[in-house]
Protein chains: 2
Amino acid sequence: MREAEAVCPAGWLGVSADVVVFSVGDDALRVRLQRRHRTPFAGSLALPGTLLRDDESPEEGAQRVLGGDVGLDRVYREQLYTFGRPGRDPRGRVVAVAYFALVPASVAAGLPDGPDAAWHAVDALPPLAFDHAEMVAMAHRRLSAKLAYSTIALELMPERFTLSHLQGVYEVIGGEPLDKRNFRKRIGALECVEPTGETYRAGNHRPARLYRRRTPGRVEIIK
Amino acid sequence: MREAEAVCPAGWLGVSADVVVFSVGDDALRVRLQRRHRTPFAGSLALPGTLLRDDESPEEGAQRVLGGDVGLDRVYREQLYTFGRPGRDPRGRVVAVAYFALVPASVAAGLPDGPDAAWHAVDALPPLAFDHAEMVAMAHRRLSAKLAYSTIALELMPERFTLSHLQGVYEVIGGEPLDKRNFRKRIGALECVEPTGETYRAGNHRPARLYRRRTPGRVEIIK
DNA sequence: TGACATAGTGTTGATTCGACACTAAGTTGG
DNA sequence: CCAACTTAGTGTCGAATCAACACTATGTCA
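Residues numbered from 1 in each chain as written. Chains lettered and ligands numbered in written order. Predicted model: local features only at pLDDT ≥ 70, side-chain atom pairs only at ≥ 80, totals over all residues. Heavy atoms only, no water.

(A) Focus on the domain arrangement of chain A. Residues and elements named next belong to chain A. Structurally, chain A comprises domain 1 (3-141) and domain 2 (152-213). On the side of domain 2, 8 residues touch domain 1, which itself brings 15 residues to the contact. Note on domain 1 versus domain 2: buried area summed over both sides is about 900 Å², and carbon and sulfur give 75% of it. Broken down residue by residue, the surface that domain 1 buries against domain 2 is led by V24, Y76 and L102, which jointly contribute 46%. On inspection of domain 1 and its partner domain 2, the count reaches 2 residue pairs in polar contact (both at pLDDT 80 or more). Its residues placed into classes, the side of domain 1 that touches domain 2 shows 10 nonpolar, 3 polar and 2 charged. (Domains from an automatic or database assignment. Contact = heavy atoms within 4.5 Å. Buried area = accessible area lost by both parts, 1.4 Å probe. Polar contact = N/O pair within 3.5 Å; in protein donor to acceptor, adjacent residues only side chain to side chain. Nonpolar A, V, L, I, M, F, W, Y, C, P; charged D, E, K, R; others polar.)

(B) The interface of chain B and chain A, seen in detail. Contacts between chain B and chain A engage 21 residues on the former and 21 residues on the latter. Of the roughly 1,800 Å² buried between chain B and chain A, counting both surfaces, carbon and sulfur atoms make up 60%. At the surface where chain B touches chain A, the tally comes to 0 salt bridges. In this structure, the connection of chain B to chain A is made through 9 residue pairs in polar contact (both at pLDDT 80 or more). Contributing elements (two or more residues each) for the side of chain B that touches chain A: β1 (12-25), β4 (49-53), α1 (58-68), β5 (76-83) and β6 (95-102) of chain B. (Salt bridge = Lys/Arg side-chain N within 4 Å of Asp/Glu carboxyl O. Helix = DSSP H or I, 4+ residues; strand = E, 2+ residues; numbered from the N terminus.)

(C) How the structure looks around unusual backbone geometry. In this chain, T39(A) is followed by P40(A) through a cis amide linkage whose omega measures 0°. Mapped onto the elements of the fold, P40(A) is located in the loop between β2 (28-35) and β3 (45-46). Despite not being glycine, D26(B) shows a phi value in the positive range, around 50°. Within the secondary structure, D26(B) sits in the loop between β1 and β2 (28-35). Of note, the phi angle at R74(B) is positive, near 65°, even though the residue is not glycine. Inspection of the secondary structure puts R74(B) in the loop between α1 and β5. For R74(B), a relative accessible area of 81% translates into the label exposed. (Buried < 20%, exposed > 50% of the residue type's maximum accessible area, 1.4 Å probe, protein only.)

(D) Representation of the protein's contact with DNA strand C within the structure. Around DNA strand C, the surrounding shell holds 20 residues, and the nearest of these are N204(A), S164(B), K180(B), R184(B) and R209(B). Counting only atoms of DNA strand C within 4 Å of the protein, the fraction found in sugar and phosphate groups is 43%. A distance of 2.9 Å is found between a base nitrogen of DNA strand C and a side-chain nitrogen or oxygen belonging to N182(A). Measuring from a phosphate oxygen of DNA strand C, one finds a backbone N or O atom of R209(B) at 2.6 Å. Residue assignment for the surface near DNA strand C shows that the elements contributing at least two residues are α5 (180-190) of chain A together with α5 (180-190) and β9 (208-213) of chain B. Ranked by the residues each element gives to the surface near DNA strand C, the list is headed by α5(B), at 4 residues. Among the residues making up the surface near DNA strand C, the classes are represented as 3 nonpolar, 7 polar and 10 charged. (Near = heavy atom within 4 Å.)

(E) How the structure looks around the packing of helix α3 (residues 132-149) of chain B against helix α4 (residues 163-174) of chain B. Residues and elements named next belong to chain B. Close contact between α3 and α4 brings their axes to 9 Å; oriented N to C, the two are set at 135°. Here α3 lies oblique to α4, going by the angle between them. Here α3 and α4 pass one another in a crossing that is left-handed. Contacts from H140, L143, S144 and L147 of α3 reach α4 at Y170, I173 and G174. Here the contact of α3 with α4 is built from residues that sort into 4 nonpolar, 3 polar and no charged. (Axes fitted to C-alpha atoms, helices over the stretch in contact; angles between N-to-C directions. Parallel < 35°, antiparallel > 145°, perpendicular 65-115°, else oblique. Left-handed = near helix turned anticlockwise from the far one by under 90°.)

So this is what it looks like as structure tokens:
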């Protein structure tokens, strides 16, 4: 346990909360990564994460990580999986409770790319520290699966959005194009969005109607 | 951390693996519970579980718990959720990685009810220690949901079984009766079972054909 | 040999799903 | 001002799936 103590000072458990923070932008599903400065994996990219404090639940730890990364208060978050293979952290024993979070594009824009933290397209990730690549892959699968049976995609949308924009989010996550008419039929049947009456103008073409969520903050399981 | 050290001796992490072990028998979904002898919750029933050893993954811990409860080697097992609310263990800080496992009725019969461990119908559980009732409830929901989109129910079946038996398992977990013809159509379409050619005689009525899994040990995601 | 109990088997109507193409409305540039 | 451009928005039809439903088959047992 000599090495483990380097990450396990008094008052801390060897349990971390790591968060796969997703957003959609530039026609890609993107994940927030931080540059590590300390060993191990110094210089590598890693998920935002923290060791749990004494008297802090994994949920709270995840929320603290999100809060630390500029006001990511109030974003969708759910537990993903717990990774506890001995040796996953070269320093010693750390069990990681992984979460994933969804950030609307409007909020993501407030988190600019910098030397220490930036958005990276999930389809073209560099090697990540620890087993974080596995976490990202699992989060991506889970998110993709949930598109089919929940309204979770709305958590990635700004307050007002067009149906084309929403369809783009589905396509980027699922990785395949969708039929426009079938998509709109499906969303309409869910009764999860409603038109605001406003329109959105962009480019030399017909403006699109803007929609908003009917029950903000509520992810419904459907069918 | 004074109190926590009671459960966190050197060489151990304050992380446990707790397993919701399900089987189906007597027309009920049943869970394996152990009688606690030590404080806290002395005298209460609890899920089988253990603190992780140093250099042991949560998966290995869960498997060790299963192995300790008579030869529950080779049963289906998956990670359920991680419970880490501070205070969930009155002794101190323990983060519990919960699993659920499925035991075929034939194997479950080899684990008799005794003073220290017994099967209990999930529909009529006594109060459980810690947050174990929550774990059982979540495992039940997850199992029930998975019936619809996977072949997981086969993990609860003995090597050979009748379709009526299989239907009973679906009904007991889902909590509602199913139509016999639709059920058999659905199972047939999955191509996950095949007749053995044998029959099963029980009672004064027509014998039933016995089936076996086509790909033992493989849980398929369907549709 | 007749009563009994569970095994086993198809059809039909309703619903859902997937494929598919054109018109609408605003912008822009000549 | 009008023609070209670009994305928005809309409906039908055939296929597949799903849910409801009842009778015959085959063994045991008295």
